[in-house]
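Here's the letter readout for the chains.
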Amino acid sequence: NSGTIFGVYNGIYLSRSSSVTGAITNEATGTIAASSGSGAAILLSSGSTVGSITNHGVIAGGSGGIWLSINTGSPTGGFGGSSVTGDITNTGIISGSSTGIALGSGSSIDGSIVNSGTIAGNPAPWSGPITRLDLVRYGDHGMGDVRTPITLDWVRLHRADAPAAPPANVPIPKVITPNEEGGA
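Residues numbered from 1 in each chain as written. Predicted model: local features only at pLDDT ≥ 70, side-chain atom pairs only at ≥ 80, totals over all residues. Heavy atoms only, no water.

A.B. asks: When you look at the nonpolar core in this model, what are you seeing that I'm missing?
C.D. replies: Side chains of nonpolar character tend, in soluble globular proteins, to be buried together. Among the nonpolar cores identified, the biggest contains 18 residues, and Ile42, Ile53, Ile59, Ile66 and Ile88 are the most heavily contacted of them. Elements supplying a minimum of two residues to this core: strand S2 (12-14), strand S5 (40-44), strand S6 (49-55) and strand S8 (64-68). It is S5 that contributes the most residues to this core, 3 residues altogether. (Core = buried A, V, L, I, M, F, W, Y, C linked by side-chain atoms within 4.5 Å. Buried < 20%, exposed > 50% of the residue type's maximum accessible area, 1.4 Å probe, protein only. Helix = DSSP H or I, 4+ residues; strand = E, 2+ residues; numbered from the N terminus.)

A.B. asks: In this structure, what is going on with the environment of glycine 39? I would like to understand it.
C.D. replies: The residue glycine 39 is located in the loop between strand S4 (31-34) and S5 in this model. Along the backbone, glycine 39 and isoleucine 66 are 27 residues apart, and their C-alpha atoms lie at a distance of 9.8 Å. When residues no more than four places from it in sequence are discounted, the contact partners of glycine 39 are Tyr9, Asn10, Ala34, Gly61, Gly62, Ser63 and Gly64. (Contact = heavy atoms within 4.5 Å.)

A.B. asks: Any chance you could explain the confidence of the model for the chain here in plain terms?
C.D. replies: Note: predicted coordinates in regions of low pLDDT should not be interpreted at a detailed level. Averaged over all residues, the pLDDT of the chain is 75; the fraction at 70 or higher stands at 61%. The secondary-structure element of the chain with the lowest mean pLDDT is strand S17 (residues 136-140), recorded at 48, while S6 shows the highest, at 96. When the criterion is pLDDT under 50, residues 129-133 qualifies, and its contacts beyond four places in sequence or with other chains add up to 4 contacts. In the model, residues 136-148 has pLDDT below 50 throughout and makes 18 contacts with residues more than four positions away in sequence or in other chains. (pLDDT = per-residue confidence, 0-100.)

A.B. asks: Sorry if this is basic, but what is going on with a nonpolar patch on the surface here?
C.D. replies: Among the surface-exposed residues, Phe6, Val8 and Tyr9 lie close enough to one another that they form a single nonpolar patch of about 370 Å² accessible area. For valine 8, the location among the structural elements is in the loop between strand S1 (4-7) and S2. (Patch = residues over 30% accessible without salt bridge, like charges linked within 9 Å, V, L, I, M, F, W, Y side chains within 5 Å. Areas by Shrake-Rupley, 256 points an atom, 1.4 Å probe, with all protein chains shown as cover. Salt bridge = Lys/Arg side-chain N within 4 Å of Asp/Glu carboxyl O.)

A.B. asks: Honestly, the pairing of S8 in this entry has me stumped. Any pointers?
C.D. replies: On a regular strand, one side chain projects to one face of the sheet and the next to the other, so that they alternate. With 4 of its 5 residues buried, S8 lies for the most part within the structure. By the bridge criterion, 4 bridges tie S5 to S8 in an arrangement that is parallel. In the strand pairing of S8, isoleucine 42 is matched with isoleucine 66. Sheet topology places S8 next to strand S12 (residues 99-103); 4 bridges connect them, and they run parallel. Paired with leucine 68 across the two strands is leucine 103, which belongs to S12. (Pairing = 2+ DSSP bridges.)

A.B. asks: Hey, could you run me through the side chain of serine 83 in this one?
C.D. replies: Within the fold, serine 83 resides in strand S9 (residues 83-84). Other than its neighbours up to four places away in sequence, serine 83 contacts Leu44, Ser48, Thr49, Val50, Leu68 and Ser108.

A.B. asks: Help me out: how do you make sense of the sheet that holds S2 in this one?
C.D. replies: Adjacent strands of a sheet pair through backbone hydrogen bonds, lying either parallel or antiparallel. The strand order across the open sheet formed by 4 strands is S2-S5-S8-S12, and the pairing between neighbours is parallel. The sheet is open, and its two edges are formed by S2 and S12, each paired on a single side. Within this sheet the neighbouring strands show an average axis-to-axis angle of 5°, counted without direction. Sheet topology note: the S2/S5 ladder contains 3 bridges and is parallel. Bridge assignment links tyrosine 13 to a residue of S5, and that residue is leucine 43. (Axes fitted to C-alpha atoms, helices over the stretch in contact; angles between N-to-C directions.)

Okay, here's the thing in structure tokens:
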């Protein structure tokens, strides 16, 4: 896309196990947008997949820029979480009033999120290195519509151009390796 893709609810919407085997690419002159307060510029729902998402322009949704969602129980919906089988790469702006990029329970990004632009949601934008990362399950998981913490055995977050080890003389609160304190 090098023009404008606009929807009232969603700009691009894949549902019911739909797939784009290649990429969704938004060029520097492109805009993918949705105006609804609950909509997303790009929404993958109910088991849908896309190969990769590359943004050099603007992806702006009412609630979320890019949202990967699970079937909400609709009898006409697809099955399971949605996925990006490659990377989400951003050199432009991905934004929404709640989240820049959101993954619902069971959804996944098999590649990486590579960002040298801005990914913005409430309360603050992500521009460049990660300064805060929250992993939460959101939605009805038998406990009402609440946020539920996610427990990880281990995780390593880094920029694609970062060295394998942290820089010297940088304080690290705690490094936990697998098999330590219950890790796998």
